[in-house]
Amino acid sequence: MTFDNWLTTGVVAFSIVAGSAWFRSAIAKVKVPKENGKIVDYRMSLGDLPNSYQLIVDGVDVYLTAALQAKWNAGAAAAASIAALLQAVQAWFHWPIS
């Protein structure tokens, strides 16, 4: 396998990781337990810690879901950056030198 093939394989692999992480981010939810058998709807309440709040919509904690999605997005962005870097290195090796 040539160096060019390794770079192509790396680009494909990191692109798949990035796409998978972005998909996981899109579907990530932090659900709260049902109260009295019913899905909790929109409310604002104090959390356990000082200055912590909960915003619950259709049984999903909005703040914790946003934090979870941010973690997946960060991983996806890192993988996409590595894929772009590998692709740039590959393009540099194919750049015509005059």
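As the structure is a computational prediction, the values presented were derived from the model and not from experiment.

**What about unusual backbone geometry?**
Positioned with a positive phi, D58 is a non-glycine residue whose angle comes to about 50°. You can see D58 is positioned in the loop between strand 2 (53-57) and strand 3 (60-61).

**Points about a nonpolar patch on the surface**
The grouping of F3, W92 and F93 at the surface amounts to a nonpolar patch, some 410 Å² of accessible area in total. You can see W92 is positioned in helix 2 (residues 62-93).

**Details of the side chain of S25**
When you line up the elements, S25 lands in helix 1 (residues 3-27). Relative accessible area serves as the criterion here: at 5%, S25 is assigned to the buried category. For S25, the side chain forms a polar contact with the side chain of N73, separated by 3.1 Å. Not counting residues within four places of it along the chain, the set of residues in contact with S25 comprises Q69, W72 and N73.

**Comments concerning the side chain of T65**
Here T65 is to be found in helix 2. Look at T65 and you get buried, because its relative accessible area is 7%. With sequence-adjacent residues up to four places away left out, T65 is seen in contact with A28, K29, V30 and V60.

The rules behind each value
- Residues numbered from 1 in each chain as written.
- Predicted model: local features only at pLDDT ≥ 70, side-chain atom pairs only at ≥ 80, totals over all residues.
- Heavy atoms only, no water.
- Helix = DSSP H or I, 4+ residues; strand = E, 2+ residues; numbered from the N terminus.
- Patch = residues over 30% accessible without salt bridge, like charges linked within 9 Å, V, L, I, M, F, W, Y side chains within 5 Å.
- Areas by Shrake-Rupley, 256 points an atom, 1.4 Å probe, with all protein chains shown as cover.
- Salt bridge = Lys/Arg side-chain N within 4 Å of Asp/Glu carboxyl O.
- Buried < 20%, exposed > 50% of the residue type's maximum accessible area, 1.4 Å probe, protein only.
- Polar contact = N/O pair within 3.5 Å; in protein donor to acceptor, adjacent residues only side chain to side chain.
- Contact = heavy atoms within 4.5 Å.

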